[in-house]
Each structure stands twice: as structure tokens, then as C-alpha cells.
Amino acid sequence: MTSEPDKTKLFGTGSVATTSSGDDRPAVYLEEIDGVNTYVFRASSLKTPDCQLLRLLQGETPEPWSDNTLAAFAAGHEWEPKIIERYEETHDGQFTDDQLEVVLQVSPNIIIRGHIDGIIVGSDGTTTLGEVKCLAPTTMDSARRAGSIGGVFGYDVQLSIYMHALGMPGEWVVGVKGWVDNKGLPVPWPDRSQFPDGEQVITELYTEHIEEPPVKFGVIMRKLMGVVKAYENGDGGECPTPRDYQCRFWKTCDEKEDEVVTLTGPLAKKFDDAAEMLAEARALKAQAAAMEKQAKEDLNEIVQDNKTKTKRFSVTNPESSGRKTLDKIKLAEAVGDLAAFEKIGKPYRTMKVTEL
């Protein structure tokens, strides 16, 4: 049985299913629903590039998530109850309906399915969609520079899906991580590896109220319908950025590389010498970058905002004005699909050296 929200507030049709079960299915898959062969997109998949969604529909199996990524997922789930507990202690609102399944109907044969972190019920009975995140302080700094949590890692898309489906405002509830030593004293986040006996704690609870969905329903609909149309037309789904380190189909791209040529004789020696020189040069470059970073950190502690000098050196550390960039999300909301305005640069090669 489902309960229907107020559809006058929606662009799409939303429903809430009475289930709290997790969903470990792919980012997109086909399922027969009421006799209709339906494309089901996971709410968390909307930030996935179209080519990867297309490859999933075509039956390709992606590489498993890395251990680091899985650890980050696990840590996020682990901290959610603690963040919610902190919120309920300090704010007027209680979380309900944890991990409730929400469905947004995009078209007769396309739906988005996901699980919300909860609905916040205020003492006056008002309801707000609660989205819980646990972020490192460096990521939180990026969010503050962006002006909103939603601008980080595509979080705004997932929040918008649930807001369109439920017809209610949203609220980011963010726990910012910190590290303390074995005496409970705070440790700078970059130095936490030097205090292995310490522990991670939540040092700040950040909230941000969102009245309207950050991403319009039309933008979401065009993305999904584009993937479905490409799949039904039999498009190849070529990656726009082959061998992208974030792409879980990188092996498929590598399989398309040219046939290996084996060298012998004087040409092989010349090849080995040049490859060794390139590998050593890159190692020196990485070492120099690490030295530069450390030197800047040491100087910054002394110089800060002042002009500082000795008999040998003079160092200043002026603050530059922020760089201007285009907000692609707002631009897409204003003009629609940005594909018509994209251009592809001249292809280039990235040389990789591997010692055998």
C-alpha cells in the first residue's frame, strides 16, 4: 500500500512504499511493474555519467567499488544514527521513516527509486525531508566555498528527486568529522595519521534548509530519457573520457588498446633508456611537489598575512580574489540540456610507464 503526497506541488508523480529494506541492485535496471517493462534508476545514480548507465543497461558488469570507497560508504552509514541523535538533541524535530523507499514516476515506463534518510517532524507538526551526510572538514570547506552542500558530489540531484516525489522542503543535516588523541584533545585533520590511538568524532553539526528542489524535474527527466533513448536506439555508449579513474568500466576501455609491439636489439635499449628516464623524471617531479607543499606549509605558519624576511629571503602571502566559474547546474536549469553547447577538444595521449 502506498500513500500519495500532494501532487499539486510536484512535476512528477511521487509515492512512498511501506518498506525499509535496502537496495543493492545496479544503478539502473529493467523491471516489469504492473505489466509494463519499466526502467528503474537508483536515486543515487543520477550523478553517474550517461555512458556508464547505458553500459549497465547493455548488460556490462562494472568493476567492484574500491576498498577505500566501500570504507567511505560504511563510515557514512555508521555515523548517520549518531548525527541524527545529535540533531534531535539540539533542534526542534524528530526523525521518522528512516530508509523508507520513495518512488518518483518520470514517465509511463521510467521511475526513480531510492531510500530517504528520514522525514523530520517538528513540534508543530510540520514535515521536512532530512538528508544526512558525514563529511570530512576539507570536504565541508569545499561545500562552504560552493555556497551549499548540494553542490558537492552531485548531492543536490538526489535531494531534488526526493523533494519532487514527496512535495516537501528539504534540510541538509551534516556531521563534520574531527579527530581527537587518546586524551580527547583535538588533532588537526591532516595530522590524524600521527595519532593512531585517537578516534574520529563529530565536531560540528551543520544544517541547511532548502525550500525548492535545487534541480528542476525537467533536467532530471531529460537525462533519464536520453539514456533510455540511446539504449533503445542501440547506441554504443562510448565514454567521453576513456580510462577515467572514476569510471567502473575502465577495463573495457583498456581492452580496446592497440596490439602490443615487442622490441628487440638496439631499438629496445633506446626504448628502455628513454622509459627509465621518463619514470625517474616523474618521480623527481612528485618528490619536488611534496617538498614544495611542505615548504609552503612551514612558511605559512610563520608568514600568515604579513611580509616576512630574513637577510636571505623575503616572503609575502597575499590573498588572491576567487576565480570566476560558470555554475553549470543553474545554467542547465535556465537553458535545458547543455549538450548542444559542448565541444570536444583535440585528442591527446597520456603516456604511462610500467616497469615489467
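The numbers attached to residues start from 1 for each chain and follow its sequence in the written order. Thresholds applied to this predicted model are a pLDDT of at least 70 for local features of residues and 80 or more for the giving and counting of side-chain atom pairs; totals over whole chains, interfaces and linings are not thresholded and use all residues. Derived side-chain values reflect all non-hydrogen atoms in the structure, with water molecules and hydrogen atoms excluded from consideration.

(A) Layout of the overall build of the protein. The helix and strand tally for the protein stands at eight helices and 14 strands. Each of the 356 residues in the protein was classed as buried or not, and the buried ones make up 34%. Every helix listed is a DSSP run of H or I at least four residues long, and every strand listed is a run of E at least two residues long, numbered separately from the N terminus. Throughout, exposure labels follow a simple rule: accessible area from a 1.4 Å probe, protein chains only, divided by the maximum for the residue type, with under 20% read as buried, over 50% as exposed, and the rest as partly exposed.

(B) Quick peek at the packing of aromatic side chains. Pairing of aromatic rings covers Phe, Tyr and Trp, the last counted by its six-membered ring, and requires centre-to-centre distances within 6.5 Å; plane angles under 30 degrees mean stacked, over 60 mean edge-to-face, and any other angle means tilted. Evaluated as defined, the whole model comprises three aromatic pairs. Measuring from ring centre to ring centre gives 6.1 Å for Tyr-39 and Tyr-231, while their planes differ by 80°; the resulting arrangement is edge-to-face. Placement of the pair is Tyr-39 in strand E4 (residues 36–42) and Tyr-231 in helix H5 (residues 217–232), with a sequence separation of 192 residues. Between Tyr-87 and Phe-95, the aromatic rings sit 5.7 Å apart at their centres with planes inclined by 85°, giving edge-to-face as the arrangement. Relative accessible area serves as the criterion here: at 3%, Tyr-87 is assigned to the buried category. Geometrically, a lysine NZ or arginine CZ counts as sitting over a ring once it is within 6 Å of the ring centre and also within 35 degrees of the ring normal. Of note, Lys-82 hangs over the ring of Trp-79, and the distance from its end group to the ring centre comes to 4.3 Å.

(C) Quick peek at the nonpolar core. Within this scheme, the nonpolar core is defined by two criteria: the residues are buried Ala, Val, Leu, Ile, Met, Phe, Trp, Tyr or Cys, and they are joined through side-chain atoms within 4.5 Å. In terms of nonpolar packing, the biggest core is built from 42 residues, with Phe-41, Ile-112 and Ile-161 touching the most fellow members. A per-element tally of this core places helix H4 (residues 155–166) first, with eight residues. Sequence-distant contacts of Ile-161, defined by excluding residues within four places in its chain, comprise Ala-43, Leu-46, Leu-104, Ile-112 and Ile-220. Counting residues in each nonpolar core, the second largest holds 11 residues, with Ile-83, Ile-84, Phe-95 and Leu-205 among its members. Two residues form a contact once any of their heavy atoms are found within 4.5 Å.

(D) A look at unusual backbone geometry. Its identity is not glycine, yet Asp-34 carries a phi of approximately 50°, on the positive side. Structurally, the position occupied by Asp-34 is in the loop between strand E3 (28–33) and E4. Taking relative accessible area as the criterion, Asp-34 reaches 78% and is therefore assigned exposed. The residue Asp-97 is not glycine, and still its phi comes out positive at about 55°. Tracing the chain through its elements places Asp-97 in the loop between strand E5 (94–96) and strand E6 (101–107).

(E) Up close: the side chain of Glu-131. As for its position among the elements, Glu-131 is in strand E9 (residues 127–135). Leave out the neighbours within four places in its chain, and Glu-131 touches Ile-116, Asp-117, Gln-158, Leu-159, Tyr-162, Glu-171, Trp-172 and Val-173.

(F) Main features of the environment of Gly-170. Within the element layout of this structure, Gly-170 appears in strand E10 (residues 170–180). Judged by relative accessible area, Gly-170 falls into the buried class, the value being 0%. A sequence separation of 42 residues divides Gly-170 from Glu-212, and the C-alpha atoms of the two residues are 7.9 Å apart. When near neighbours in sequence (up to four residues on either side) are disregarded, Gly-170 contacts Thr-128, Leu-129, Met-163, Glu-208, His-209 and Ile-210.

(G) Fine view of the environment of Leu-30. Considering the arrangement of structural elements, one finds Leu-30 in strand E3. For Leu-30, a relative accessible area of 34% translates into the label partly exposed. Along the backbone, Leu-30 and Ile-110 are 80 residues apart, and their C-alpha atoms lie at a distance of 9.4 Å. Beyond its immediate chain neighbours, meaning those up to four positions away, Leu-30 contacts Asn-37, Thr-38, Tyr-39, Leu-57 and Tyr-231.

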